[in-house]
Protein chains: 2
Amino acid sequence: MRAHARGKRSLRLWLRLLRCSSQVEKRIRVQLQREFSTTLPRFDLLAALYRRAEGVTMSELSASLRVSNGNVTVVATRLIQDELIAKITDPRDRRASILCLTPRGRRMFARMAHEHEVWVTAMFDDLTVNQCADLMELLGTLRQSIEANPL
Amino acid sequence: MRAHARGKRSLRLWLRLLRCSSQVEKRIRVQLQREFSTTLPRFDLLAALYRRAEGVTMSELSASLRVSNGNVTVVATRLIQDELIAKITDPRDRRASILCLTPRGRRMFARMAHEHEVWVTAMFDDLTVNQCADLMELLGTLRQSIEANPL
């Protein structure tokens, strides 16, 4: 009976967690389209390059993103055409090439990141400082629980 | 300065929420593949039909699922071929057709749902009853906050 209650409780919690994260993600997708005529995979790729000013190889990029390898190539190719990112020779290894933001891509992403923060802040607006701290801590506990209980 | 701190706090919280939900979802995808050689879109479609024993139209189904309309058709077509679901005439409207689980699909989904609950319960295992209740409530507050703050 206890195990049954625990199962139902975990399932309800997971569904609510999924619903929250889907809602936030959906709002971000809608706003990226509306304000910048762009998509979440493009935003994510620019964000990954913004954080690594020294540039990254295509495979490093694929590993760090939510999208699959093939899609990363498609998204990157379009961003190169749009001159928001560039493929250059890796200064550390002249046989390899790396991707980096162009100055225009860097300016564009800075604007998008600012708006992205405004959207997310608005969605979390009704949580108090203490509620944010509690949620942060509980999600940390959950993350540890997931890692501590492999199947 | 306050607004700045609030923005950073919201962003950190959103990234942690996204990471948790992505980790749980990824584990479920891996387990569905490993234990049932199936995918999350197939599982989600079967789950939607399991909850609605009277059957649903294709458009009702599309609206309730995470995947896009075109993909629902593709997934449904494969499940019909596998004889896990069936397309039948809607008894309420003989010009329309609805999808429902076959007896085999119902048995198969019941097994998958049981295992799914085991996986989710394991991932949430280190949270106490009180922590589960707190997390449930905070996510409820977040959901209300998202709805109360449209852009």
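The rules behind the values
- Residues numbered from 1 in each chain as written.
- Chains lettered and ligands numbered in written order.
- Predicted model: local features only at pLDDT ≥ 70, side-chain atom pairs only at ≥ 80, totals over all residues.
- Helix = DSSP H or I, 4+ residues; strand = E, 2+ residues; numbered from the N terminus.
- Rg over C-alpha atoms; globule rule 2.2 N^0.38 Å.
- Buried ≥ 20, exposed ≤ 12 C-beta atoms within 10 Å, placed from the backbone.
- Contact = placed C-beta atoms within 7 Å.
- Expected span 1.5 Å × (residues − 1).
- pLDDT = per-residue confidence, 0-100.
- Nonpolar A, V, L, I, M, F, W, Y, C, P; charged D, E, K, R; others polar.
- Least-squares fit on C-alpha atoms with pLDDT ≥ 70 in both.
- Axes fitted to C-alpha atoms, helices over the stretch in contact; angles between N-to-C directions.
- Parallel < 35°, antiparallel > 145°, perpendicular 65-115°, else oblique.
- Left-handed = near helix turned anticlockwise from the far one by under 90°.
- Core = buried A, V, L, I, M, F, W, Y, C linked by C-beta atoms within 7 Å.
- Pairing = 2+ DSSP bridges.

Enquirer: How would you sum up the overall build of chain A? Please name residues and give values.
Expert: Helix and strand content of chain A: six helices and two strands. N-terminal to C-terminal, the α/β element order of chain A is α-α-α-α-β-β-α-α. A globule of 151 residues ought to have a C-alpha radius of gyration of about 15 Å, yet chain A, at 19 Å, is considerably larger. Dimensions along the principal axes, computed over C-alpha positions, put chain A at roughly 65 × 35 × 25 Å. Relative to its full complement of 151 residues, chain A shows a buried share of 24%. Within chain A, contacts between residues at least 6 apart in sequence are counted, and of these 45% link residues at least 24 apart.

Enquirer: Which residues make up unusual backbone geometry, and what values go with them?
Expert: All names here are of chain A. One non-glycine residue with positive phi stands out, namely Glu-83, at about 60°. Tracing the chain through its elements places Glu-83 in the loop between α4 (69-81) and β1 (85-90). Residue class for Glu-83 comes out exposed when judged on the 12 C-beta atoms lying within 10 Å of it.

Enquirer: Tell me about helix α6 (residues 129-148) of chain A, and name the residues and values.
Expert: The terminal C-alpha atoms of α6(A), which comprises 20 residues, lie 29 Å apart, in line with the 28 Å expected from a rise of 1.5 Å per residue. Tucked inside the fold, the buried residues of α6(A) contact α1 (2-36), α5 (103-123) and α6 (129-148) of chain B.

Enquirer: Kindly report on helix α5 (residues 103-123) of chain A, identifying the contributing residues and their values.
Expert: Under the 1.5 Å per step criterion, the end-to-end length of α5(A) is 31 Å for 21 residues, consistent within 8% with the ideal 30 Å. Tucked inside the fold, the buried residues of α5(A) contact α1 (2-36), α2 (40-51), β1 and β2 (93-101) of chain A together with α1 and α6 of chain B.

Enquirer: Residues and numbers for the confidence of the model for chain A, please.
Expert: This prediction gives chain A a mean pLDDT of 92; 96% of its residues lie at or above 70. For this predicted complex, the interface score ipTM comes out at 0.90, alongside a pTM of 0.89.

Enquirer: Lay out the interface of chain A and chain B in plain terms, naming residues and giving numbers.
Expert: Between chain A and chain B, the residue contacts involve 44 residues of the former and 43 residues of the latter. Of all elements in the fold, only α1, α5 and α6 of chain A reach the threshold of two or more residues within the side of chain A that touches chain B. Taken together, the residues that form the side of chain A that touches chain B break down as 22 nonpolar, eleven polar and eleven charged.

Enquirer: For the relation of the copies chain A and chain B, give the residues involved together with the corresponding values.
Expert: Its rotation angle being 180°, the transformation that places chain A on chain B also includes 0.0 Å of axial translation and leaves an RMSD of 0.1 Å. Considering both components of the superposition, the chain copies are consistent with a two-fold axis. Residue by residue, 98% of the interface of chain A is reproduced at the interface of chain B, so both copies engage with the same surface.

Enquirer: Any chance you could break down the environment of Ala48(B) for me, citing the residues and the numbers?
Expert: Residue and element names in this part refer to chain B. Within the secondary structure layout, Ala-48 lies in helix α2 (residues 40-51). The class of Ala-48 is partly exposed, set by 19 C-beta atoms lying within 10 Å. Each C-alpha atom, one on Ala-48 and one on Ser-64, is 7.6 Å from the other, the two residues being 16 residues apart in sequence. The contact partners of Ala-48, leaving out residues within four places of it in the chain, are Val-56, Leu-61, Ser-64 and Leu-65.

Enquirer: Requested: an account of the packing of α1(A) against α5(A), with residues and values cited.
Expert: Residues and elements named next belong to chain A. One can describe the packing of α1 onto α5 by two numbers: an axis separation of 11 Å at closest approach and a directional angle of 140°. It follows that α1 is oblique to α5 by the angle criterion. Crossing angle aside, the handedness with which α1 passes α5 is right-handed. Each of Val-24, Arg-27, Ile-28, Gln-31, Glu-35 and Phe-36 in α1 lies in contact with α5, whose residues at this interface are Met-112, Glu-115, His-116, Trp-119 and Met-123. Grouping the amino acids of the contact of α1 with α5 by side-chain chemistry returns six nonpolar, two polar and three charged.

Enquirer: How would you summarise the nonpolar core if you had to cite specific residues and measurements?
Expert: Ranked by internal contacts, the top residues of the largest apolar core, which has 29 residues, are Leu142(A) and Leu142(B). Contributing elements (two or more residues each) for this core: α1, α5 and α6 of chain A together with α1, α5 and α6 of chain B. Setting aside residues up to four positions removed in sequence, Leu142(B) forms contacts with Cys20(A), Phe124(A) and Leu127(A).

Enquirer: Any details on the pairing of strand β1 (residues 85-90) of chain B? Residues and values, ideally.
Expert: Along any regular strand, the residues point their side chains to alternate faces of the sheet. Residues and elements named next belong to chain B. Here β1 pairs with strand β2 (residues 93-101) via six bridges, running antiparallel. When the bridges of β2 are listed, Ile-88 appears paired with Ile-98. Linking β1 to β2, which pair antiparallel, is a turn of two residues.

Enquirer: Give a description of the environment of Arg111(A) that names residues and reports values.
Expert: All names here are of chain A. Tracing the sequence through the fold places Arg-111 in helix α5. Overall, the presence of 11 C-beta atoms within 10 Å leaves Arg-111 in the exposed class. As for Arg-111 and Asn-130, which are separated by 19 residues in sequence, their C-alpha atoms are 30 Å apart.

Enquirer: Which residues make up the environment of Ser10(A), and what values go with them?
Expert: Structurally, the position occupied by Ser10(A) is in helix α1. Ignoring any residue separated from it by four or fewer positions in sequence, one finds Ser10(A) in contact with Val120(B), Thr121(B) and Phe124(B).

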